[in-house]
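These are the residues of each chain, in order.
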Amino acid sequence: MNIDEGESFRDKVATIDESGKRNWVFAYKPSGKFYQARSWLSIFYLFVFFGLPFVQYKGEPFLMLNILERKFVIFGFVFWSQDFYLFGISMILFIVFIIVFSVAFGRLFCGWACPQTIFMEMVFRKLEYFIEGDAPKQIALKKAPWNADKIIKRTAKFAVFYFVSFLIGNTFLAYIIGKDALLKIITEPFSQHIGGFTSMLIFSSVFFFVYIYLREQVCTVVCPYGRLQGVLLDKHSVVVAYDYVRGEPREKLRKNTERTAGDCIDCLKCIHVCPTGIDIRNGTQLECTHCTACIDACDSIMEKINKPTGLIKYASEATIAENKPFIITARLKAYIVVLLILLTAFVSILATRSTIEMQVIKASGQLYVETPDGQISNMYNFMLINKSHNNYDSLELKFDGIGSVELVNGHKYLSLKKEGSIKSTLFVKIPANRISERKQTIKVNLYHKGQLIEVEKTNFLGPVFN
Ligand code: SF4
Ligand code: SF4
């Protein structure tokens with residue numbers, strides 16, 4: 001068959017049949033050097049995934065995304081809702097990084113690092129092989145009547161899948177609320193944590209549904225990243241690709257016949273191992289998650305028939321069609337420049353970010369007050385937020401100009417606990433004879449042990465004396 005013929009695969013998703021029903025994928029167990037490498041990487045990945053919420057750094061989780069309290073701890077740095085702009089920049093940075101990476105290497109991330117692929121292929125699929133056997137046995141089990149063997153295997157699979165989903169759900173919850181809150185839900189009476197228990201069950205059930213039923217549909221139908229490949233890839237992107245120059249025309253292997261066809265012997269092994277049910281020989285398709293199972297399968301066939309491996313390999317269309325090496329295209333260079341600019345901006349903002357946030361907002365309802373000692377006083381609502389792990393015990397407010405700043409309680413120094421906040425009222429007083437404008441911008445400075453750590457600008461209102 002010519003590679004240009006039979007394009008009907010483009011009209012449908014491989015996992016949905018003509019009548020719109022799901023074609024269940026029974027993927028054969030892969031084996032080979034790529035599968036082995038991915039297995040080792042997944043062990044490391046799982047270790048990190050399950051361990052990270054329990055790692056503490058300076059009394060904080062190393063990674064926590066507490067959406068409920070709007071508190072995020074990323075690699076030990078604490079971010080609050082006031083830092084949301086940083087979160088926005090980091091999201092843009094992440095998206096640009098994914099774009100750069102995809103333009104160069106397609107869905108490499110999906111195959112090697114995406115949690116969905118790791119859990120599906122390296123945890124649940126392996127458990128499935130262990131309980132039900134390889135693909136032919138799974139097909140036979142599906143067709144078999146509900147006898148004792150089928151009931152035992154299906155019950156075991158559901159129980160094990162739910163248990164692992166429960167572990168993932170709990171870990172996921174620990175990323176959101178922190179390990180201490182999770183332990184409280186587990187160890188304290190149910191009645192005190194009905195909401196926590198409900199979240200636990202919802203997360204576990206969602207993961208169970210994803211891995212018992214949704215499976216590859218997450219990558220082919222749900223995930224927007226896969227669908228972006230059509231606009232991100234070009235002929236220089238390195239993807240998992242079939243070398244049609246070498247493989248075509250494909251033809252079955254015949255004994256005692258001199259072979260004139262290409263190297264593909266049409267054994268279909270690459271399709272049988274594919275977890276998304278596609279035929280990579282049809283070219284790059286959005287369903288391909290770059291899991292490399294077809295590379296391993298084809299390499300094992302090439303070794304058996306004494307042909308060089310790499311009929312399916314990591315390569316760009318330009319490499320296969322024109323034998324061109326990998327190049328950094330102008331488009332890729334432009335993306336890299338944008339990425340570097342964003343990265344520089346992000347790092348400099350992060351490095352100069354104040355650990356204490358100060359807000360000084362003019363109190364409503366009162367313009368100004370003239371005091372008996374000839375000063376004009378303005379009242380402000382004042383807030384300090386400590387975003388760091390440190391306690392501050394001698395913070396001092398000073399006014400930048402002629403005048404003074406006073407806290408309503410008369411205290412000179414303030415104490416601020418780690419991650420704590422203070423709300424109060426303060427007055428700024430300026431001698432009436434020094435006021436020349438009805439509204440002027442003033443600066444309130446915050447010092448810690450004599451060192452300026454934060455400056456906040458605000459407005460000061462006063463009468464105009466002619
Ligand atoms: S085509 Fe190959 S790399 Fe792509 S999903 Fe299928 S087996 Fe994995
Ligand atoms: S595994 Fe290799 S030889 Fe077999 S059908 Fe696929 S590409 Fe052809």
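As a reminder, the structure under discussion sits directly above these lines.
Reading guide: rules and limits
Residues numbered from 1 in each chain as written. Chains lettered and ligands numbered in written order. Predicted model: local features only at pLDDT ≥ 70, side-chain atom pairs only at ≥ 80, totals over all residues. Heavy atoms only, no water. Axes fitted to C-alpha atoms, helices over the stretch in contact; angles between N-to-C directions. Helix = DSSP H or I, 4+ residues; strand = E, 2+ residues; numbered from the N terminus. Parallel < 35°, antiparallel > 145°, perpendicular 65-115°, else oblique. Left-handed = near helix turned anticlockwise from the far one by under 90°. Contact = heavy atoms within 4.5 Å. Nonpolar A, V, L, I, M, F, W, Y, C, P; charged D, E, K, R; others polar. Buried < 20%, exposed > 50% of the residue type's maximum accessible area, 1.4 Å probe, protein only. Salt bridge = Lys/Arg side-chain N within 4 Å of Asp/Glu carboxyl O. Pairing = 2+ DSSP bridges. Near = heavy atom within 4 Å. Phe/Tyr/Trp six-rings, centres within 6.5 Å; stacked < 30°, edge-to-face > 60°. Patch = residues over 30% accessible without salt bridge, like charges linked within 9 Å, V, L, I, M, F, W, Y side chains within 5 Å. Areas by Shrake-Rupley, 256 points an atom, 1.4 Å probe, with all protein chains shown as cover. Arc of directions from axis to C-beta.

1. A few points about the packing of helix α2 (residues 84-105) against helix α10 (residues 224-232)
- Axis separation between α2 and α10 bottoms out at 10 Å; the angle between their running directions is 60°. As judged from the angle between their axes, α2 and α10 are oblique. Crossing handedness for the pair α2 and α10: right-handed. Residues Ile98, Ile99, Ser102 and Val103 of α2 form the contact with α10, whose participating residues are Tyr225, Gln229 and Leu232.
- By residue class, the composition of the contact of α2 with α10 is five nonpolar, two polar and no charged.

2. Looking at the environment of glycine 283
- Mapping glycine 283 onto the fold places it in the loop between α12 (269-272) and α13 (293-304).
- By relative accessible area, which is 29% here, glycine 283 ends up partly exposed.
- In sequence terms glycine 283 and glutamate 370 are 87 residues apart; their C-alpha atoms lie 80 Å from each other.

3. Considerations on the pattern of salt bridges
- Tallying each qualifying case throughout the model produces 21 salt bridges.
- For the salt bridge of lysine 153 with aspartate 149, the shortest nitrogen-to-oxygen distance reads 3.5 Å. Of this pair, lysine 153 and aspartate 149 are both found in helix α6 (residues 148-177), four residues apart, which corresponds to roughly one turn of the helix.
- Taking the relative accessible area as the measure of exposure, aspartate 149 reaches 39% and is therefore partly exposed.
- Across the pair lysine 387 and glutamate 357 runs a salt bridge whose closest N-O atoms are separated by 3.3 Å.

4. Regarding the sheet that holds strand β13 (residues 413-416)
- Taken in spatial order, the four strands of this open sheet run β13-β11-β15-β16, and their pairing is antiparallel. Strands at the two margins of the open sheet, each flanked by one partner only, are β13 and β16 (451-461). This sheet shows a mean twist of 30° between the axes of neighbouring strands, independent of strand direction.
- Pairing of strand β11 (residues 392-399) with strand β15 (residues 439-448) involves five bridges; the strand directions are antiparallel. Residue pairing in the sheet places lysine 398 in a bridge with asparagine 445 of β15.

5. Comments concerning the site of ligand 2
- Taken together, Tyr242, Cys264, Ile265, Asp266, Cys267, Leu268, Cys270, Arg281, Cys298, Met302 and Ile312 make up the full set of residues adjacent to ligand 2.
- Its residues assigned to classes, the shell around ligand 2 shows nine nonpolar, no polar and two charged.

6. Here we look at the packing of aromatic side chains
- Applying the stated criterion to the full structure yields 20 aromatic pairs.
- Ring centres of tryptophan 24 and tyrosine 213 lie 6.2 Å apart, and the angle between their planes is 40°; this geometry places the pair in the tilted category. Highlighted residues: tryptophan 24 in the segment before α1 (33-51) and tyrosine 213 in helix α8 (residues 194-214), separated in sequence by 189 residues.
- Of the residues examined, tyrosine 213 reaches a relative accessible area of 41% and is grouped as partly exposed.
- When the ring of phenylalanine 172 is compared with that of phenylalanine 207, the centres are 5.6 Å apart and the planes differ by 80°; the resulting orientation is edge-to-face. Taken together, the positions of phenylalanine 172 in helix α6 and phenylalanine 207 in helix α8 put the pair 35 residues apart, joining distant regions of the chain.
- Its relative accessible area of 33% is what places phenylalanine 172 among the partly exposed residues.

7. A short note on the sheet that holds strand β3 (residues 63-66)
- Taken in spatial order, the three strands line up as β3-β4-β5 in an open sheet, and their pairing is antiparallel. One side of each edge strand has no neighbouring strand; the edge strands of this open sheet are β3 and β5 (77-79). For this sheet, the mean angle separating the axes of adjacent strands, direction not counted, is 20°.
- Across three bridges, strand β4 (residues 71-74) lies against β5 in antiparallel orientation. Looking at β5, one finds that phenylalanine 72 is bridged to phenylalanine 79.

8. Some remarks on a nonpolar patch on the surface
- A contiguous nonpolar surface patch, about 260 Å² in accessible area, is contributed by Leu41, Phe44 and Val48.
- With respect to the helices and strands, the residue leucine 41 is situated in helix α1.

9. Description of the pairing of strand β6 (residues 239-242)
- The side-chain alternation of β6 yields two buried faces, one formed by Val239 and Ala241 and the other by Val240 and Tyr242.
- Pairing of β6 with strand β7 (residues 312-315) involves four bridges; the strand directions are antiparallel. Residue pairing for β7: alanine 241 is matched across the bridge by lysine 313.

10. Some thoughts on helix α5 (residues 135-143)
- Within α5, the full set of buried residues consists of Ala135, Gln138 and Leu141. Angular distribution of buried residues about the axis of α5 spans 120°; they occupy a single face of the element. Looking at α5, the residues exposed on the side facing more than 90 degrees away from the buried face are Lys137 and Lys143.
- Turning to α5, the residues buried within the fold contact α4 (115-132) and α6.

11. Some points on unusual backbone geometry
- For the bond from glutamate 248 to proline 249, the omega torsion is -5°, close enough to zero to count as cis.
- Along the chain, the position of proline 249 falls in the loop between α11 (244-247) and α12.
- The phi dihedral of asparagine 256 falls on the positive side, at around 55°, and the residue is not glycine.
- Tracing the backbone through its elements, the reader meets asparagine 256 in the loop between α11 and α12.
- Overall, asparagine 256 belongs to the exposed group, its relative accessible area being 84%.
- One non-glycine residue, histidine 290, adopts positive backbone phi at about 60°.
- Examined against the element boundaries, histidine 290 turns out to sit in the loop between α12 and α13.

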